[in-house]
Structures are given as structure tokens and as C-alpha cells.
Amino acid sequence: MAARAGRGEAASGKEKRAGCPGASAHVTGKMAVFPWHSRSRNYKAEFASCRLEAVPLEFGDYHPLKPITVTESKTKKVSRKGSSSSTSSSSSSSVVDPLSSVLDGTDPLSMFAASADPAATDSSRKRRDRDENAIVGSDFEPWASKRGEILARYTTTEKLSINLFMGSEKGKAGTATSAMSEKVRTRLEELDDFEEGSQKELLNLTQQDYVNRIEELNQSLKDAWASDQKVKALKIVIQCSKLLSDTSVIQFYPSKFVLITDILDTFGKLVYERIFSMCVDNHSVLPDHFSPENVNDTAKETCLNWFFKIASIRELIPRFYVEASILKCNKFLSKTGISECLPRLTCMIRGIGDPLVSVYARAYLCRVGMEVAPHLKESLNKNFFDFLLTFKQIHGDTVQNQLVLQGVELPSYLPLYSPAMDWIFQCISYHAPEALLTEMMERCKKLGNNALLLNSVMSAFRAEFIATRSMDFIGMIKECDESGFPKHLLFHSLGLNLALADPPEGDRLQILNEAWKVITKLKNPQDYVNCAEVWVEYTCKHFTKREVNTVLADVIKHMTPDRAFEDSYPQLQSIIKKVIAHFHDFSVLFSVEKFLPFLDMFQKESVRVEVCKCIMEVFIKHQQEPTKDPVILNALLHVCKTMHDSVNALTLEDEKRMLAYLINGFIKMVSFGRDFEQQLSFYVEARSMFCNLEPVLVQLIHSVNRLAMETRKVMKGNHSRKTAAFVRACVAYCFITIPSLVGIFTRLNLYLHSGQVALANQCLSQADAFFKAAISLIPEVPKMINIDGKMRPSESFLLEFLCNFFSTLLIVPDHPEHGVLFLVRELLNVIQDYTWEESSDDKIRIYTCVLHLLSAMSQETYLYHIDKGTSSLGPSYMCQNKNSLSRFLSPILLLLN
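Residues numbered from 1 in each chain as written. Predicted model: local features only at pLDDT ≥ 70, side-chain atom pairs only at ≥ 80, totals over all residues. Heavy atoms only, no water.

## A closer look at the overall build of the protein chain
Item 1. Secondary structure assignment for the protein chain yields 41 helices and 12 strands.
Item 2. Counting the 897 residues in the protein chain, one finds 46% classified as buried.
Item 3. A fraction of 72% describes how many contacts in the protein chain between residues 6 or more apart in sequence connect residues 24 or more apart. (Helix = DSSP H or I, 4+ residues; strand = E, 2+ residues; numbered from the N terminus. Buried < 20%, exposed > 50% of the residue type's maximum accessible area, 1.4 Å probe, protein only. Contact = heavy atoms within 4.5 Å.)

## Some points on the packing of aromatic side chains
Item 1. Under the counting rule described, the total for this entry stands at 39 aromatic pairs.
Item 2. A centroid spacing of 5.6 Å and a plane angle of 75 degrees characterise the contact between Phe-267 and Trp-306, whose relative ring orientation is edge-to-face. Here Phe-267 is found in helix H9 (residues 253–278), whereas its partner Trp-306 is found in helix H10 (residues 297–311), with 39 residues between them in sequence.
Item 3. Relative accessible area serves as the criterion here: at 0%, Phe-267 is assigned to the buried category.
Item 4. Taking relative accessible area as the criterion, Trp-306 reaches 4% and is therefore assigned buried.
Item 5. Above the plane of the ring of Trp-225 lies Lys-230, whose end atom (NZ or CZ) is 4.9 Å from the centre.
Item 6. Over the ring of Phe-465 we find Arg-469, and its NZ or CZ is 3.9 Å from the ring centre. (Phe/Tyr/Trp six-rings, centres within 6.5 Å; stacked < 30°, edge-to-face > 60°. Lys NZ or Arg CZ within 6 Å of the ring centre and 35° of its normal.)

## Comments concerning the nonpolar core
Nonpolar side chains in soluble globular proteins tend to be buried together.
Item 1. In terms of nonpolar packing, the biggest core is built from 273 residues, with Tyr-413, Trp-535, Phe-666 and Phe-806 touching the most fellow members.
Item 2. Among the elements that line this core, the one with the most residues is H9, at 13 residues.
Item 3. Once residues lying within four places of it in the same chain are set aside, the contact partners of Tyr-413 are Ile-250, Pro-355, Leu-356, Ile-394, Val-399, Leu-403 and Val-408. (Core = buried A, V, L, I, M, F, W, Y, C linked by side-chain atoms within 4.5 Å.)

## A closer look at the packing of helix H30 (residues 630–645) against helix H32 (residues 676–689)
Angle between the axes and distance between the axes are the two parameters that describe a pair of packed helices.
Item 1. H32 packs onto H30 with a crossing angle of 30 degrees between their chain directions and a minimal axis gap of 10 Å. As the angle between them shows, H30 and H32 are arranged roughly parallel. Only Phe-682, Glu-685 and Met-689 of H32 make contact with H30, whose side of the interface consists of Leu-637, Lys-641 and His-644.
Item 2. In terms of residue class, the contact of H30 with H32 is made up of three nonpolar, one polar and two charged. (Axes fitted to C-alpha atoms, helices over the stretch in contact; angles between N-to-C directions. Parallel < 35°, antiparallel > 145°, perpendicular 65-115°, else oblique. Nonpolar A, V, L, I, M, F, W, Y, C, P; charged D, E, K, R; others polar.)

## Quick word on the pairing of strand S10 (residues 790–793)
Regular strands show a simple pattern: their side chains alternate between the two faces of the sheet.
Item 1. Pairing between strand S9 (residues 784–787) and S10: four bridges, direction antiparallel. Looking at S10, one finds that Ile-785 is bridged to Arg-792. (Pairing = 2+ DSSP bridges.)

## As for the confidence of the model for the protein chain
Item 1. Put simply, the protein chain has an average pLDDT of 80, and 77% of its residues get 70 or more.
Item 2. Contacts for the low-pLDDT stretch residues 7–36, under 50 throughout, to residues beyond four places or in other chains number 55 contacts. (pLDDT = per-residue confidence, 0-100.)

## Some remarks on the pattern of salt bridges
Side-chain pairs of opposite charge can arise where the charged atoms are in close proximity.
Item 1. Inspection of every chain in the model, using the stated rule, returns 23 salt bridges.
Item 2. The closest approach of N and O atoms between Glu-655 and Lys-613, which form a salt bridge, is 3.4 Å. Note that Glu-655 is positioned in helix H31 (residues 653–668) and Lys-613 in helix H29 (residues 605–622), a separation of 42 residues in sequence.
Item 3. Judged by relative accessible area, Glu-655 falls into the partly exposed class, the value being 25%.
Item 4. The partner of Glu-653 in a salt bridge is Lys-656, with the nearest N and O atoms 3.7 Å apart. Of this pair, Glu-653 and Lys-656 both sit in helix H31, three residues apart, which is roughly one turn of that helix.
Item 5. Through salt bridges that share partners, Glu-434, Arg-462 and Arg-469 make up one connected network. (Salt bridge = Lys/Arg side-chain N within 4 Å of Asp/Glu carboxyl O.)

## Overview of the layout of surface pockets
Item 1. In this structure, the largest pocket encloses a volume near 1,300 Å³.
Item 2. Every residue lining the largest pocket is counted, 38 residues in all, and those nearest its centre are Lys-146, Glu-149, Asp-422, Ser-459 and Leu-496.
Item 3. Where the lining of the largest pocket is concerned, the elements lending two or more residues are helix H5 (143–153), helix H17 (418–429), helix H19 (451–460), helix H22 (487–500), helix H24 (525–542) and helix H26 (569–582).
Item 4. In terms of residue count, H22 provides more of the lining of the largest pocket than any other element does, seven residues in total. (1 Å grid on protein atoms, 1.4 Å probe; cavity = no way out; pocket = protein on both sides within 12 Å on 5 of 7 lines; lining within 4 Å. Points joined across faces, edges and corners; volume = space filled by probe spheres on them.)

## A closer look at the state of the cysteines
Item 1. Counted according to the given criterion, the structure contains zero disulfides.
Item 2. With no disulfide of its own, Cys-366 has Cys-427 as its nearest cysteine by sulfur position, at a separation of 5.0 Å. (Disulfide = S-S within 2.5 Å.)

## Some remarks on the environment of Gly-673
Item 1. With respect to the helices and strands, the residue Gly-673 is situated in the loop between H31 and H32.
Item 2. Distance from Gly-673 to Lys-628, taken between C-alpha atoms, is 8.5 Å for residues 45 residues apart in sequence.

## A short note on the packing of H24 against helix H25 (residues 545–559)
Item 1. At a minimum axis distance of 10 Å, the contact between H24 and H25 shows a crossing angle of 170 degrees. Between H24 and H25, the angle falls in the class roughly antiparallel. In this structure, H24 contributes Pro-525, Tyr-528, Val-529, Ala-532, Val-536, Thr-539 and Cys-540 to the contact, and H25 contributes Glu-547, Val-548, Val-551, Asp-554, Val-555, His-558 and Met-559.
Item 2. In the contact of H24 with H25, the residues fall into 10 nonpolar, two polar and two charged.

## Structural notes on H5
Item 1. Taken as a whole, H5 has its buried residues at Trp-143, Lys-146 and Ile-150. One face of H5 carries all of its buried residues, which in axial projection span an arc of 60 degrees. Within H5, the exposed residues directed more than 90 degrees away from the buried face are Ala-144, Glu-149 and Ala-152.
Item 2. The inward-facing, buried residues of H5 abut H9, helix H13 (355–372) and H17. (Arc of directions from axis to C-beta.)

## As for unusual backbone geometry
Item 1. In this structure, His-431 takes a positive phi of about 55 degrees despite not being glycine.
Item 2. Structurally, His-431 is set in the loop between H17 and helix H18 (434–446).
Item 3. Look at His-431 and you get exposed, because its relative accessible area is 58%.
Item 4. Located in the positive-phi region is Arg-563, a residue other than glycine, with phi close to 50 degrees.
Item 5. With respect to the element layout, Arg-563 can be found in the loop between H25 and H26.

Next comes the structure, spelled out in C-alpha cells:
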């Protein structure tokens, strides 16, 4: 091949370029380039003149980071009108706030605080501090977080029944002119009428129908209240409260409790807001932390009226629940109202015979008590100890007969108590001293058949309290009766605590052995995997890969028969997440023998992909150094291949983007050091594996280009025969891969980038091929392109690309067989044939860039060049200043017409 003409030396003879001084007009194809004399440029002198002038600075005592010292001076000031303000003259070198001196020492906020009553400020501060201490903190799990779990867990397929209130017009009998006694009599008659049968029983309801009816009652309550039918609202609440005495479908009772207490909460809130609004008039507003002395007589009378109405309810259960729902209203009557009512309501529960109904009533009282008076722990403790006294009723003959009638086994019955008991224990143990917790645990020990109590203790008490006494709890679990409450549930609760707090170091292995002896004997795969899921975290946290491998092998052994793993994907996913959360060193993780066989249990594609995504997210987050470990590479290639193969025509773009991000993160972390051939082989293999994700192919092209430049850096620009062949292989890789991409601007930019890399590595014919491919692709650029789901005009992107392209063409040597500036001429012909928007000036901007290029080419010394593949000055100076040349557009149009 003939030698190419260099661009850095003066042109002469036939090779003199258009645009150089003295050149004659030259016409090629459709584009005419006229003779134009550009001024000579001395780039070094221009750069020197553009630099900021260096001004010497004598710092002395000044330094920008040194603290400022302000000198305050006070002198006598005499006004022009004769009035004088005499102050002592003094100066101080102490540091003062310059903003304070503007105020002359008078801070408006400080003056306002000083003018306030000190006694009132002190008392309000004490009251606020007391209230803040009484408020339940964020470490207390609210009831709302338990609500959804209870509704999802306690369901039934049996038919349910409900009593609906049939509306009566008697509630509208009272008029504005009626006497108060008539109103009271009328309302009492309405309540009697309700209790005597003004209701309709709906039978054979499904669970969803039942829930819908309860929601209708809740809405009816709000509508009745909004229409000022307070008695009707009270009737609805009484009717709903009565439903809590019905245990005919006992498995559904916890969910029924949640639904009914939602209505009670709504009623209590409406009553409280009603009375609170009566305390507000035009002259005063009741503060948030008010005392009964701030409440007017009308509000107090209304509040008493509500309590009297509730006291007239004949049945115990509705009377208890309705009064408990408005417990907060006692604040309007007396300071000690709540503290007096809580013990009385606690004693009322003793009259409820059914232990299940009784324990949920206690749970509701604890719930209301924690909301309105969390500091009154004595009453809550009394409620708890009352419960312990009646706990033996659970195993009594009455309950056993009821279970026989409903066909419910004891192991299915006892878990119905868990939500209520867990809540009671949580309320009692919140910020409780160690001595009280110890006393409660000792009392539970003394009760027979105490597995249910033990489970609630471990669910509600602080994890640190449980963890430090782990061996004591294991001993108690061993003594429990297996028939009533399964031991695996107790070990499940214990494992949850040990995941949050560490047991004594000397007990850790014994704890694991004792727990796993019970867990591994479980025959039911669901029970087994629920326990294993919890204890895997404990094992990963405190032991090595050997113990983790043993646990994973045991899980595989239990879950493989009869494909039991298909019903336990959520638990198995949780196990994987906990393992990879504790093993950030993937060389250790993949050396766990049973880890990859464990992954094979995820045979449902969607689940398998989610697991693979979790693994890659942890790898990208925690892998600090590039790796070439064959174990890691083979395993993660398999994981990435699984994610890639899940892509199909229905896969969303966001999902594709996420998968590509994870795979690219893996590719970036693979490095074979100076073994460049092995690195290229890896990229070739990756291209064949991830061909359906365009962002991955783009990343591979960039990685191969970077590999070629690293080779050039190692050889310092002087390639040997071996490295030259290797660089050409890298260039060929890119040239083959780019056409498979869909995005047209992605292809254009990669052609340009790869051509620059080829040019830097003296692969001149390959560089020409890249640039020709880019030129041939320009006519295919559409007018509109899709960007983030929206159609955008493409001309601005094309303009940016062409400016970069022209900047590159400055240093591309001419081909000996195709004449001078053959690439520039081909590109100009394509630009001229391209259909541009008539209202756009992008075509003029492009021709301005052409003038920049031709002007730079006419210089004796180029602004930048490649010396053995290294540019001396960097990116194009001409394209950066194209906007500032807009004033030359008119002569350019005349020139290029």
C-alpha cells in the first residue's frame, strides 16, 4: 500500500488542499470549495495570551481561611439636633458576631422571650417535657403495622352471619323546640327499640361479603354522624360491638376483631373531635395540652351525656368496648378520669367468660391505654396479671367442648390468641425495667402448658433480654407440651430474637445445635422451611462457611422430595438473601459447596431471575477490586446468562435496563491484568452470551476500545508485530459488533469512537472503514427519534455528532488512492443531500464547523495531532466556539450558496 499523505506538514504541488493560501478553486461532485485565505494562527501565542494574568500577592497576616477578628469600638455620638448619646469609649479584640453588632445588642427574639411571664414559661416547659416523655416513641411497633398481617393470616371458608341495624325514623322526632326531657326520653326509647329487635340478621355470608358489610357499617356510621343522627351512630357502634361476643366461626375471630375495632376507633375519634370543637369559640381556642379547667360547661355536659348513654347499654361486651373507644374523652371531665376508668374497665373484663373474647378485650384496652395514657403502666400491668390468673381457662372443659362442636383442633385454636397476647406483652414490656420483665417471665414459668405464653414473651420482649437468656428459654421450650403449641414455632420466635441481638459467645454453638435438633426432625416442609429461614441468618452471622454449607445441605434435603420447594419460594429467596448479605467475599461464597445446588431449586423463571438479580446487586455493591477468579467468573456468568435469557418480546424496557445495568456492572469488574488476550477472549464470550441486550453490547465495545488503548499505553505507542495484530483484532471486534445495534446515534457515536481508537493505534485502513460506515449511516437518520418514551427532533443530536466528526477529520491522513480530503468531501456531499428543517439553522452551523476545519487544515502547525497515537492538545478548539461565530452566518451563506 502506498504511503499516506501526512497532515502536519506543508502541502505542495498536487496535494495542496483547498482552503490553503494560493489554492485554486476545486470542485468535487456536488460540493464546490472556493479559494479562501485563512489567517495564519500561532496557537501557542494565542493560548499564552488567553491565560489569566498571575498577580503576585503579599499575604502578610492575611489568609482566606484565617478566622476574622472583629474589633468592637464604642464612642460618644452627638446628633445634629443637639441630643447626645453618651457611651464609654472602649475597644475589644475578642471575636464577636458581626451581625450582632448591627442590632446594637438587642435581639428581637430575646426581648420577646424576656418579656414573657417566667412562671408561665417554666410551667409550660415542664408540662411539655412531661408530655414528650409520655409519648410512645418510634421504637414501639404500632397496631396499624399488625393489622394487615392479621387480616391475611386468619381467614375462613365457612359461612358467616351478621346483624344489620334497620333504620328508624324515631331518631328525627326531636325538634328544635322540644324540651330537653323529651329529647332524652326519645333517645332512650330508640336505644331500647334497638335492643329489642330493630335489626336484621344476614346469614350464609362469605368472608368477603362479611368484610364488605362491615365496611358498609363503617360508612353508615360516618354518614349518620355527618347528618347529625348521633343516636343512630351509637346504635351502629353497639351493634358492631355485639359481634365480638360471637365465636361461632372461631378461626375468623382475630380478623373480625380488627374490622370491628376499626369502627370503634372511628366512633371514638368522632366523639372526641365533636366535644373538642365545642370548646372553641370566638374568644378562645383550646390548647392541645389542655386541662379540665379550660373546658366550658357545654362541652362537659355533652361529654357526660355520652358516658351516661353508654352506661345505659345492658350487655357487658358492647358497653365495655364503646366506653373504651371514648376513653380519651375523660380528659374533658377531670385530670384523673382516665386513671380511674382504666382499673374499672379492667375489672369489667373479668365478667367475660370466653377466654378468647376476654383476651382480645384486654388487648383493646391496652391499645387504647397506650394511645391516651402510656404513662399509666400500673393499670396495664394489672390487666396483664389478671390475664395470667385466667390463663388456665384456655385448657378448661368449656373451651374443649366448644372446640369439639366446631371441629377445631387445639394446635389450630391456640395460635388465635397470639395477636392479642403479643400486643398485651408488647405494651407491658415497652420501656419496662429489667426486674419487671424477669418477674413476668418467672410467673409464666410457673403456669402449666405455657408454650403459648412463652411464644408471646419471646415475640414482645426486647431482643437483648431474650438473647442474654437464650439457654434458659431453650430449657423452657424443651419442657413444653408438644401437643398444644408446636415447639418449632417457639424456636422460630427465638430465632427472630437472636437475629436482632447476639447471645453470649460461649453459648452460640450449643444454641444452634439444640435448635437444629428440633428443626431437622420436622416432617412438614412448610414448617421446616419457616424455621430454617430464621436460623440461617443466625448461622451466617456467627459461624463460618462450613456451618452454612451444612444448613444449606439440610434445606436441600428436606425441600427436594416431591418438589416441595415449589411451594416455598418466598422462604427460599429469603434464605439466599440472608446468605449473600453476610458473605460479601464471593470467592468464599461460591466455595460453599451447596450454594449453587441451592440455586437450582429455583426452577420458576421469574423467581430464579429475581434471585439472580439479588446476587448481582450484592456483587456490584460490595466487590471492591476487579477479579479474575475462575470460580467467581463461571458462577456469575451463569447467573448473568440466566437473567439475559429471561428477556423476550414482552419484557418491559425498565426491566431490560435493570438487567443490562447488573450485567454491565459484572463486566466492568472483570480484569485479567496484563493478560490482554484472555481479556479479549472473555469479551468475545460475553458478546455471544448477552446478544439480546443492546446496553451490554455497547459496554463491551467500550471495554474492547479501552483494552486497545491500554495496549497502546503499555507499548508507549510503538506496537510490535504481536501487539499490532492484537489491536487489529480489537478493532475488528468493534467493527463486527456495532452493526448489530438498533439505536442509530449509538452506532454513529461508536463508529466515530472506534475509528479514533483505530487511528490512535495506527490502524489507518480500519479507521477509514469506521468513518466511511458512519458517513453511509447519516442518510438513515430519521427526523424524530424516541428518547425515554418521547419523540424528539434528531437534528440537534446529528449536529453534535457532525461537529465531533469534523474535529476528528482534522488529523485523519489522506488516502493515497482516493485523493485529498476524500472523507471530508464524502461527508459534505451527504450533508448537502440530507433534508434539513427549513426553520432550523443547524445546516449553517454545520457549514460553520466545516470552515473551522478548513481554516485549521490550512495552518502550518495543527492545533492538535497524533504523535505515535497521542494527541498533543486534546479536543477540537474550533467546534467549542461555533456559537460565537453566528455573526458570520450571512457571509457563509453567500460563500456556500
